[in-house]
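# Structure at a glance
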Amino acid sequence: MKHLFPLAAVAALAACDDTPPQPETGAAPPPTNDDLYLVGGYRSEEDWCQLTGETAFTVNFLDHTADLVSCPTGSAAAQSLVEMQNAQQVAETGGYTVYTIPRG
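So, a few notes on the structure that sits alongside this text. (Residues numbered from 1 in each chain as written. Predicted model: local features only at pLDDT ≥ 70, side-chain atom pairs only at ≥ 80, totals over all residues. Heavy atoms only, no water.)

### Thoughts on the overall build of the protein chain
Within the protein chain, the secondary structure is distributed over two helices and five strands. When the helices and strands of the protein chain are placed in sequence order, the string is α-β-β-β-α-β-β. Within the protein chain, the fraction of its 104 residues that count as buried is 29%. When contacts within the protein chain are restricted to residue pairs at least 6 apart in sequence, long-range pairs at least 24 apart make up 45% of them. Counting only carbon and sulfur atoms, one obtains 57% of the accessible surface of the protein chain, whose full area is about 7000 Å². (Helix = DSSP H or I, 4+ residues; strand = E, 2+ residues; numbered from the N terminus. Buried < 20%, exposed > 50% of the residue type's maximum accessible area, 1.4 Å probe, protein only. Contact = heavy atoms within 4.5 Å. Areas by Shrake-Rupley, 256 points an atom, 1.4 Å probe, with all protein chains shown as cover.)

### Looking at the environment of leucine 62
On the secondary structure map, leucine 62 appears in the loop between strand 2 (50–53) and strand 3 (66–72). With 10 residues separating them along the chain, leucine 62 and threonine 52 place their C-alpha atoms 9.2 Å apart. Setting aside anything within four residues of it in sequence, one finds leucine 62 in contact with Thr52, Glu54 and Leu68.

### Considering the state of the cysteines
Per the counting criterion, the structure on display carries one disulfide. Disulfide partner of cysteine 49: cysteine 71, at an S-S distance of 2.0 Å. The chirality of the disulfide connecting cysteine 49 with cysteine 71 is right-handed, given an S-S dihedral of about 115°. You can see cysteine 49 sitting in the loop between strand 1 (37–41) and strand 2 and its partner cysteine 71 sitting in strand 3, a full 22 residues away along the chain. When its relative accessible area of 0% is taken as the criterion, cysteine 71 is described as buried. (Disulfide = S-S within 2.5 Å.)

### Focus: helix 2 (residues 76–85)
Those residues of helix 2 that sit buried are Ala77, Ala78 and Leu81. The buried residues of helix 2 occupy an angular sector of 100° when the element is viewed end-on, so they sit on one face. The exposed set on the far side of helix 2, more than 90 degrees from its buried face, consists of Glu83 and Met84. At its buried positions, helix 2 is contacted by strand 3 and strand 5 (96–102). After helix 2 finishes, the residue asparagine 86 shows a positive phi value of roughly 60°. (Arc of directions from axis to C-beta.)

### Considering the pattern of salt bridges
Counted by the stated rule, this structure contains two salt bridges. Its salt-bridge partner being aspartate 67, residue arginine 103 comes within 2.8 Å of it at the nearest N-O pair. Remark: aspartate 67 occurs in strand 3 and arginine 103 occurs in the segment after strand 5; sequence separation between them is 36 residues. Under the relative-accessibility criterion, aspartate 67 is labelled buried at 17%. (Salt bridge = Lys/Arg side-chain N within 4 Å of Asp/Glu carboxyl O.)

Structure below.
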């Protein structure tokens, strides 16, 4: 019986680490710095990937033939943007990854 208690404790601690990732609902997390000017959802109002305007940080990535879009780094929204929109990563800052997407 004494040997079962440590196993139960280890199992309980392991269960704490298996929390599922939080779904991407509600507002996207804000950037952790002022490098990005997020204008609004890119594919819809609720999209965590945001059309990104001009700042001192983004000025060199802007192009009249492409949209600049920023998504929380590692998010499902970022992954789907890359897979569906031919997005090319150009930078990372403030917990966001910045992509350029050719207009077409």
